[in-house]
Amino acid sequence: MLDFFTIFSKGGLVLWCFQGVSDSCTGPVNALIRSVLLQERGGNNSFTHEALTLKYKLDNQFELVFVVGFQKILTLTYVDKLIDDVHRLFRDKYRTEIQQQSALSLLNGTFDFQNDFLRLLREAEESSKVRAPTTMKKFEDSEKAKKPVRSMIETRGEKPKEKAKNSKKNKGAKKEGSDGPLATSKAVPAEKSGLPVGPENGIELSKEELIRRKREEFIQKHGRGMEKSSKSSKSDAPKEKGKKAPRVWALGGSANKEALDYSAPTANGAPEGAPPEDINLIRGTGSGRQLQDLDCSSSDDEGAAQNSTKPSAAKGTLGGMFGMLKGLVGSKSLSREDMESVLDKMRDHLIAKNVAADIAVQLCDSVANKLEGKVMGTFSTVTSTVKLALQESLVQILQPQRRVDMLRDIMDAQRHQRPYVVTFCGVNGVGKSTNLAKISFWLLENGFSVLIAACDTFRAGAVEQLRTHTRRLHALHPPENHGGRAMVQLFEKGYGKDAAGIAMEAIAFARNQGFDVVLVDTAGRMQDNAPLMTALAKLITVNTPDLVLFVGEALVGNEAVDQLVKFNRALADHSMAQTPRLIDGIVLTKFDTIDDKVGAAISMTYITSKPIVFVGTGQTYCDLRSLNAKAVVAALMKA
């Protein structure tokens with residue numbers, strides 16, 4: 001029982017629709033378009049929306065989409081055959097109307113396809129019911145019945161004999177092996193003892209020869225150690241005579257204990273003021289108010305591009321003509337066989353660029369479905385066409401469905417007189433606290449007051465790290481520049497406390513003190529740690545932050561997929577709310593350490609459909625960038 005079957009163009013015009021139930025098919029089809037077709041996720045021809053399963057087929061030659069929907073609890077084996085039959089018949093019957101390629105002709109065209117569809121549906125259902133009756137296999141048809149009884153008795157009788165023989169052989173081998181070492185071990189002491197071996201060996205030693213042999217053996221054993229000890233005693237003698245002079249550095253520094261002691265002296269148990277620091281080194285260069293786009297190019301790339309132009313000019317016209325004509329397709333439609341070798345190379349290239357292997361396969365399958373049946377131009381090559389389609393797909397993936405604009409959302413929260421709450425989560429050691437400080441500096445540069453909530457009550461030194469960042473941010477934005485008001489403050493309750501309770505108190509404190517933004521730092525946790533994931537889900541459910549950011553490294557490949565999938569699954573499983581809160585955005589850190597292996601950005605965005613809000617590119621507060629999708633794709637596609 002089908003719920004619906006619809007045929008529409010990629011421009012959005014519905015050409016024909018069949019309704020099997022009274023419910024409208026608009027919602028499921030729109031979800032398919034938003035989540036699959038527009039996001040370049042067409043590697044799998046199946047899509048699940050609520051209680052429905054949607055299967056679709058793309059016709060790239062005429063820009064058509066065929067979609068069928070049915071209840072996901074049903075197992076309909078004839079659906080794939082039905083889509084193929086409808087696709088073939090609809091193309092053949094209305095080829096002339098579709099080839100005009102104009103919206104007006106499609107709107108004015110009459111596609112009376114109801115009777116044909118019902119006939120195809122009836123044939124598909126009947127073909128699935130007509131099956132050969134399965135008969136039980138008889139004993140006469142089995143292989144066991146073909147063997148005589150005598151042969152089975154013989155084989156059963158031979159096996160224990162063979163085992164017995166093998167066991168006897170093994171025992172004999174063990175005895176021989178055990179006798180061998182014993183005999184040799186017995187023979188060795190006889191030789192080393194120096195006693196006369198006996199006349200049966202034909203060798204007899206006198207007392208003088210025995211004494212000489214023992215002396216040589218003693219010298220061989222103990223002579224080397226005595227030589228080493230004498231050498232070491234000689235080498236240690238000069239060191240004991242003179243003491244090492246303190247090193248004097250080239251720039252005027254010294255290695256004195258007093259000069260190198262940077263510990264702050266205490267007065268009445270409280271540490272004195274911190275030593276002055278170089279604010280420019282902490283802040284970094286560049287404008288902290290405006291986030292710059294991520295630049296993935298390097299000087300090596302520019303030099304390579306300049307060098308590559310020189311030999312191209314030296315090539316002959318004949319070689320250039322053959323290179324241009326190589327791989328031309330002509331005016332024919334692309335098939336899977338034409339694209340197979342190119343897609344294999346593209347998939348290996350993506351994996352080498354740190355894209356997760358499963359996602360690289362899905363991307364190539366999506367591109368193949370997008371291009372299959374498409375008519376190529378006369379001077380278009382398969383390689384260039386596939387590469388261009390893959391670039392468009394990657395750019396579309398990196399452009400989010402919903403853009404996260406923190407500054408706009410913070411101003412909206414200000415109008416409602418409440419703080420804007422951001423929660424940071426992720427695995428251990430990815431840089432949550434460091435990038436929280438960078439985002440704090442960016443917010444301070446834009447004139448917003450920030451309260452940092454130290455909810456990492458597990459890791460030793462986590463609160464002290466945030467305290468250091470708060471002191472430095474306070475030095476960059478002193479109260480004198482803001483009318484005597486402290487623009488950044490740390491809210492902490494020490495270690496071993498409930499993180500959800502600390503976050504709740506911090507949000508209430510920010511509301512009373514008039515802070516614009518609350519940044520909640522959480523403890524790093526592995527995605528498989530169920531107790532810590534339950535605590536994180538509790539913190540998010542109780543405090544309902546405006547934004548949940550997952551902090552991940554740009555160094556990881558397949559691990560990024562596992563982390564994000566399990567974080568989202570754990571937040572959904574351990575949440576007490578009816579509609580659980582999941583990850584809203586991604587902060588990609590350590591981007592300055594990967595050169596052009598930027599595949600983690602594709603993996604994270606593809607698996608969650610969430611945008612990359614910030615990119616960390618260094619250690620200073622200004623090393624924060626916004627994602628530039630085209631620059632990332634250019635670095636990814638670079639050979």
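Note that the coordinates shown come from a computational prediction; the quantities given were computed from them, not determined experimentally.

## As for the pairing of strand S14 (residues 585-589)
In terms of burial, S14 is a largely internal element, 5 of the 5 residues being buried. By the alternation rule, side chains of S14 split into Gly-585, Val-587 and Thr-589 and Ile-586 and Leu-588, which are all buried. Across 5 bridges, the pairing between strand S13 (residues 547-553) and S14 is parallel. Considered in S14, the bridge of Gly-552 is made with Leu-588.

## Things to note about the nonpolar core
Within the largest apolar cluster, 114 residues are counted, with the highest numbers of intra-cluster contacts made by Val-386, Met-406, Leu-443 and Phe-614. A total of 8 residues in this core trace back to one element, the largest contributor, which is helix H15 (residues 382-398). In this structure Val-386 touches Met-339, Val-342, Leu-343, Met-346, Val-367 and Leu-371, once residues within four positions along its chain are discounted. Within the second largest apolar cluster, 26 residues are counted, among which are Leu-64, Phe-70, Val-86 and Ala-124.

## A word on the state of the cysteines
Taken as a whole and assessed by the stated rule, the structure comprises 0 disulfides. Between Cys-25, a free cysteine, and Cys-17, which holds the nearest cysteine sulfur, the sulfur-to-sulfur gap is 3.9 Å.

## Some remarks on the UniProt feature "domain: SRP54-type proteins GTP-binding" (unreviewed entry) in the protein
Mapped onto this numbering, the UniProt entry gives "domain: SRP54-type proteins GTP-binding" (unreviewed entry) at residues 611-624. The straight-line gap between the two end C-alpha atoms of residues 611-624 is 16 Å; of that span, 0% is helix and 43% is strand.

## With respect to the environment of Ile-586
The topology assignment puts Ile-586 in strand S14. Under the relative-accessibility criterion, Ile-586 is labelled buried at 0%. For the pair formed by Ile-586 and Ile-612, sequence separation is 26 residues and the distance between their alpha carbons is 4.6 Å. Once residues within four sequence positions are removed from consideration, Ile-586 is found in contact with Leu-549, Phe-550, Leu-564, Met-604, Thr-605, Thr-608, Lys-610, Pro-611, Ile-612, Val-613 and Phe-614.

## What to know about helix H5 (residues 114-129)
Taking 1.5 Å as the rise per residue, H5 with 16 residues should run 22 Å; its terminal C-alpha atoms sit 23 Å apart, in good agreement. Along H5, the residues classified as buried are Asp-116, Phe-117, Leu-120, Leu-121, Ala-124 and Ser-128. The buried side chains of H5 occupy one side of the element, clustering within an arc of 135° when seen end-on. Opposite the buried face of H5, at more than 90 degrees from it, the exposed residues are Asn-115 and Lys-129. Each element contacted by the buried residues of H5 is listed here: strand S1 (4-9), strand S2 (14-19) and helix H2 (79-93).

Procedures and definitions
- For every chain, the first residue of the written sequence is number 1, and numbering continues from 1 along that sequence.
- Reporting in this predicted model follows two pLDDT cut-offs: at least 70 for local features of residues, and 80 or more for side-chain atom pairs to be given and counted; totals over whole chains, interfaces and linings ignore these cut-offs and use all residues.
- Working from all heavy atoms in the structure, the side-chain values ignore hydrogens and water.
- Buried means the residue's accessible area, taken with a 1.4 Å probe over protein chains only, is under 20% of the maximum for its type, while exposed means over 50%, and partly exposed covers the values in between.
- In DSSP terms, a helix is any run of H or I states spanning at least four residues, a strand is any run of E spanning at least two, and both are numbered starting from the N terminus.
- Note: two strands are recorded as paired if DSSP finds a minimum of 2 bridges between them.
- Definition used in this section: a nonpolar core is a set of buried Ala, Val, Leu, Ile, Met, Phe, Trp, Tyr and Cys residues joined via side-chain atoms within 4.5 Å.
- It only takes one pair of heavy atoms within 4.5 Å for two residues to be counted as in contact.
- Criterion for a disulfide: a pair of cysteine sulfur atoms within 2.5 Å.
- UniProt positions are given in the numbering used here, feature names are shortened, and annotations may be inferred rather than shown by experiment.
- Multiplying 1.5 Å by the helix residue count minus one yields the expected span of that helix.
- Regarding the arc, it is the one traced by the directions from the helix axis to the C-beta atoms.

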